[in-house]
Each structure stands twice: as C-alpha cells, then as structure tokens.
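Each chain, written out:
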Amino acid sequence: MSTRYPLSRLAPYGGLGLPLAALGLPLTVFLPPFYSQMPGLNTGIVGILIFAARLFDVITDPLIGTMSDRTPARFGRRRPYIAVGTPILMLAAWFLFVPGERASAAYLLIWSMMAYLGWTLIYLPYTTMGAELSSDYDERTRITAWREGFFVLGTMAAIVLPAGVGKLAGGQAAGLEAIAMFLLVALPVAVGLFLWRVPEPGGAPSHVPWADSVRLLAANQPFRRLVTAYLLNGAANGLPAALFLFFVQSVLGASQATAGIFLAIYFLSAVAGLPVWFRIGRRWSKHRLWCASMAFVAGVFVFTITLSDNTYSYAAYTLICILGGSCLGVDQAAAASIQADVVDEDTAAGGDGRAGLYFGLWGMATKLAFAVALGIAYPVLWLAGFDAGQPNDATALWTLAALYGLLPVVIKIGVIILMWDFPLDRSRHAELQRTIGRRNG
C-alpha cells in the first residue's frame, strides 16, 4: 500500500513516540549516575546490573516480534501488545524513578527488567506498524521521520522536566519523580489516541514454518549486513549517551543544570536538522544518506577528546552539540526506513509479513550493543579509578574521554564502510515491489 498518509493519522502515530522518548533518555542518561551514588552501589555494580537487565530485554525482542507476527488479526496483530505493555511500563517507571533513599541492587535489577519489558511490548509493535503502513520507498521515510520528530520532542521534555523541577525542589530525585508523573499522564493519552486514530494495516498472521523462517533469514543478505550495522551503530550511540553526565560534569566541570542546557541544544538541533538532511538527500538512496550523516557527526564528535574544564571548551562543546545534534534525526529515521525495505526482501523471497520478527532482531542487536557498551564502559571506568561525583585523576579522565568521544567515532567509521555499498537501493526496492505485486496478483 503506497497511500500518502494525512496529518490526522501521522500525528497520532508519531505522538506515541513522545512519552516513550521521555522515558528512554532518563533510563540511559540519568538513572545510572543516580543509582551509582546510592549506598551499597557504585559505577561498576550499576553497569553490571543494567547490563543484566538489558540482556533480558535482548531476549524478549525477537519473541515478542514473532508472537505479534503470528497473532490472529481479529483485533490486530500489533495493537493488543501496545495495550498490554502500557500499564506494565507505567508501573515499572514509577518504582524505577521513585526508588526512595536506599534502593538495593535487586530493586534496580527487577524494576529495570519490568520497564524494559513494558517498553518492548509497546515500542516493537509500534515501529513494526510504521513499516507496514506503506510500501512506498519515500513514504516510509516520511512516516519514520514523524516518529523520530516526536521522539526528539519527548527527549526535550525529559531534559526540561528534571532540570526545572530539580532546580526548584533542590535535588535530582525530584526531577526523576517529575518524569515518572509525566509518563503516568502522557503515555495512556498517547496510546489512546494511537489506538483510536491509527488503523492497523490488514494482513494474515504468519504461518511460515520455523525451518523455512531460518532459511529465509540466512539467505537475506541485506538483513545480515544491516543487523551488523545496527549492532555497531547501537554501541557507537550508546557509549556517549551512557557517559554524557559523567563527561560534562567531570571533564567540562559543568553542573547538572548546564548539562541540561547542552542536551536541550543538542536535541533542538536535531529538530532543525531533520528536514535539512532529508532535503539534501532527497534524491539519494537511504543508505547513502545514513552514511553521510554518520561521517559528518564522526568528524564533529572526535573533537570532544580535546576538551577540558575551561571557557573555550564550553563554547566548543556547544558547537559540537549543534552540529552533531543536527544529524540525530536522520541517523534514526533513515536507518529505520531501511529496516522496512529489508523486510520486503524477505517477503519477495517467500515470507508472509514477518516484520515483527525482523524488527525484533534489529531491536535485539541495538540493545545488545548498548548492553555490551554499558557493561564494558562502566567497569572500565571503575577500574581506571573513576568515581562519580568525586575529583578524579588524569588517567580516569582520559579513560572517560576516550570512551565518550574516540571509541564511538571509530565504530561509526566501521559502520560507514559496511553500509556504503548496501545492495538495497531505490532500483532494487522497486524490483522487490514488482515481485511482491505479482505474487499477490
């Protein structure tokens, strides 16, 4: 189906991304440092616990994706999972963001696992539906751009709320509680509008036998290349996200309020940069646009390793946030749109609408990459003698800067090399659509 969707459906579709993003940034950026300072916990322990929770999350992605593919279509294959995941995520977010003064390691592990489960039940079917709403090469990019635009707005809310409330109430705990309250209100409203206004595309449940499913996956060369790129890019994006607060506070000497300003600049630049990048690459294939954005951000971000605690570094880091942030939206939207095209490769080869499985596997790769990045970065920092909230020596700060600004750039370069000659371009996608059209009569 190549329908151009009206704003009356695109807005409710994209709008669900707002509360999800408002939860996603704090889970990655704010919670690990917050729990690291609790009695009985430290940077290394928190990194290991979140790594364990992420491993659980990695396992659930392909399972939930496959279940939604095989769900009878009477009430929709994707929408019931979104409805079930909403109360789970609301409950887990409250306990995770409002832990009290002495949360234990078991507390953090259990509620992190529950939050990730609720998130996956919503996010995975949600993004899968985005791929199924249209089969048009460019309309898919338009749909994912709306979703990523709302994700940026939700991220802005996650920056402003804890910074503003924390400053007024005098503590980080109050800011995290404000995020939990926002989610309790915004998530059910967004889910309600989504279920009301966004019809699920028709389609029968998948009946491909498991043996044939594995064969189709193994034969899908664009999938193998893309999932590898997702694994690497997830690590490259996860490292600076997980280490952001440590970097700006320990290397730049900034306060948490100033860190919030840096994040606001970064994500405002993402909003402004998304239409600019799509205009620049409107005649390119998506993989070339993605590679161009990664090359640009790598060339900008590498300069973070030259920064230190001085006025010049504040100005330089602001410029890095502006230029690097301008690539964020296209980095997410172009890659997500390529995912949908790779599913067509499977369908043309004999699959029957197994987008949930594919998106589950991509989600698994991204989360596994982040889990590995966090599971390595936090213990390495601890071994280097880094202590959150305390003065650190030159070795600890150099290790932090290298993990934050150098390693992600090296990984991004590897992703560019992998994706530059990606075989599924505009002409190949048109050929796939003709093949699928002939099969469907």
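**A look at the overall build of the protein chain**
Argument step 1. The number of helices and strands found in the protein chain is 16 helices and zero strands.
Argument step 2. Scaling as 2.2 N^0.38, a compact globule of 441 residues should have a C-alpha radius of gyration of about 22 Å, and the protein chain matches this with 21 Å.
Argument step 3. Here the C-alpha coordinates of the protein chain stretch approximately 70 × 40 × 40 Å along the principal axes.
Argument step 4. In the protein chain, which comprises 441 residues, the proportion classed as buried is 57%.
Argument step 5. Restricting the contact set of the protein chain to residue pairs at least 6 apart, pairs at least 24 apart contribute 84%.

**Concerning the layout of surface pockets**
Argument step 1. Put simply, the second largest pocket is a space of about 180 Å³.
Argument step 2. If you trace the second largest pocket, you find 14 residues lining it, with Asp 138, Thr 141, Phe 278, Gly 281 and Arg 282 closest to the centre.
Argument step 3. Mapped onto the lining of the second largest pocket, the elements with two or more residues apiece are helix 6 (137–169), helix 10 (256–280) and helix 11 (286–301).
Argument step 4. Examining the composition of the lining of the second largest pocket, we find that four residues originate from one element, helix 6, more than from any other.
Argument step 5. For the lining of the second largest pocket, the class distribution of residues is five nonpolar, three polar and six charged.

**Overview of the side chain of Asn 233**
Argument step 1. Here Asn 233 is to be found in helix 9 (residues 221–250).
Argument step 2. When its relative accessible area of 6% is taken as the criterion, Asn 233 is described as buried.
Argument step 3. Sequence-distant contacts of Asn 233, that is, excluding residues within four places in its chain, are made with Trp 290, Met 294, Asp 331, Lys 412 and Val 415.

**Here we look at the nonpolar core**
Argument step 1. Counting 98 residues, the largest nonpolar core has Leu 16, Tyr 35, Phe 97, Phe 244, Val 248 and Tyr 317 as the members making the most contacts within it.
Argument step 2. Of all the elements, helix 2 (residues 17–36) adds the most residues to this core, at eleven residues.
Argument step 3. Judged by nonpolar contacts, the second largest core, of 45 residues, contains Ala 145, Trp 277, Ala 333 and Trp 362.

**With respect to the pattern of salt bridges**
Argument step 1. Scanning the model with the defined rule gives 14 salt bridges in all.
Argument step 2. In this structure, the salt-bridge partner of Lys 286 is Asp 341, at a minimum N-O distance of 2.7 Å. Of this pair, Lys 286 sits in helix 11 while Asp 341 sits in helix 13 (residues 328–348), and the two are 55 residues apart along the sequence. With respect to burial, Lys 286 and Asp 341 carry one shared label: buried.
Argument step 3. Asp 331 is the salt-bridge partner of Lys 412, the closest N and O atoms lying 3.7 Å from each other. Here the residue Lys 412 occupies a position in helix 15 (residues 394–419), and Asp 331 occupies one in helix 13, the gap between them amounting to 81 residues.
Argument step 4. According to the relative accessible area criterion, Lys 412 is buried, its value standing at 6%.
Argument step 5. In this structure Asp 331 comes out as buried when scored by relative accessible area, which is 6%.
Argument step 6. It is possible to trace a salt-bridge network through shared partners that takes in Asp 69, Arg 77, Arg 78 and Glu 132.

**Digging into the packing of helix 9 against helix 13**
Argument step 1. Close contact between helix 9 and helix 13 brings their axes to 10 Å; oriented N to C, the two are set at 160 degrees. Considering the angle they form, helix 9 stands roughly antiparallel to helix 13. Handedness of the helix 9/helix 13 crossing: left-handed. Here Pro 222, Phe 223, Leu 226, Tyr 230, Asn 233 and Asn 237 of helix 9 come into contact with helix 13, specifically with Asp 331, Gln 332, Ala 335, Ala 336, Ile 338, Gln 339, Val 342 and Glu 345.
Argument step 2. Tallied by class, the residues present in the contact of helix 9 with helix 13 amount to eight nonpolar, four polar and two charged.

**Looking at helix 12 (residues 311–325)**
Argument step 1. The end-to-end C-alpha separation of helix 12 is 21 Å, in line with the 21 Å expected for 15 residues at 1.5 Å each.
Argument step 2. Lining the buried residues of helix 12 we find helix 9, helix 10, helix 11, helix 13 and helix 15.
Argument step 3. Its side-chain oxygen placed 3.2 Å from the backbone nitrogen of Tyr 312, Asn 310 serves as the N-cap of helix 12.

**Description of the packing of aromatic side chains**
Argument step 1. For the coordinates displayed, the defined rule picks out 22 aromatic pairs.
Argument step 2. Ring centres of Trp 119 and Tyr 123 lie 5.3 Å apart, and the angle between their planes is 25 degrees; this geometry places the pair in the stacked category. With a gap of four residues between them, Trp 119 and Tyr 123 both fall in helix 5 (residues 105–132), about one helical turn apart.
Argument step 3. Overall, the relative accessible area of 12% leaves Trp 119 in the buried class.
Argument step 4. What links up through ring pairs into an aromatic cluster is the set Phe 247, Phe 262, Phe 301, Tyr 314, Tyr 317 and Tyr 404.

**Comments concerning the environment of Leu 27**
Argument step 1. Within the fold, Leu 27 resides in helix 2.
Argument step 2. Under the relative-accessibility criterion, Leu 27 is labelled buried at 9%.
Argument step 3. Each C-alpha atom of the pair Leu 27 and Ile 50 lies 9.7 Å from the other, and the pair is 23 residues apart in sequence.
Argument step 4. Setting aside residues up to four positions removed in sequence, Leu 27 forms contacts with Pro 32, Leu 96, Phe 97 and Tyr 116.

**As for a nonpolar patch on the surface**
Argument step 1. Taken together, Leu 55, Leu 231, Leu 368, Val 372, Ile 376 and Val 380 make up a surface patch of nonpolar side chains, about 400 Å² in accessible area.
Argument step 2. With four residues, helix 14 (residues 355–383) is the largest single contributor of residues to the nonpolar patch.
Argument step 3. As for its placement among the helices and strands, Leu 368 is situated in helix 14.

About the criteria used
Residues numbered from 1 in each chain as written. Predicted model: local features only at pLDDT ≥ 70, side-chain atom pairs only at ≥ 80, totals over all residues. Heavy atoms only, no water. Helix = DSSP H or I, 4+ residues; strand = E, 2+ residues; numbered from the N terminus. Rg over C-alpha atoms; globule rule 2.2 N^0.38 Å. Buried < 20%, exposed > 50% of the residue type's maximum accessible area, 1.4 Å probe, protein only. Contact = heavy atoms within 4.5 Å. 1 Å grid on protein atoms, 1.4 Å probe; cavity = no way out; pocket = protein on both sides within 12 Å on 5 of 7 lines; lining within 4 Å. Points joined across faces, edges and corners; volume = space filled by probe spheres on them. Nonpolar A, V, L, I, M, F, W, Y, C, P; charged D, E, K, R; others polar. Core = buried A, V, L, I, M, F, W, Y, C linked by side-chain atoms within 4.5 Å. Salt bridge = Lys/Arg side-chain N within 4 Å of Asp/Glu carboxyl O. Axes fitted to C-alpha atoms, helices over the stretch in contact; angles between N-to-C directions. Parallel < 35°, antiparallel > 145°, perpendicular 65-115°, else oblique. Left-handed = near helix turned anticlockwise from the far one by under 90°. Expected span 1.5 Å × (residues − 1). Polar contact = N/O pair within 3.5 Å; in protein donor to acceptor, adjacent residues only side chain to side chain. Phe/Tyr/Trp six-rings, centres within 6.5 Å; stacked < 30°, edge-to-face > 60°. Patch = residues over 30% accessible without salt bridge, like charges linked within 9 Å, V, L, I, M, F, W, Y side chains within 5 Å. Areas by Shrake-Rupley, 256 points an atom, 1.4 Å probe, with all protein chains shown as cover.

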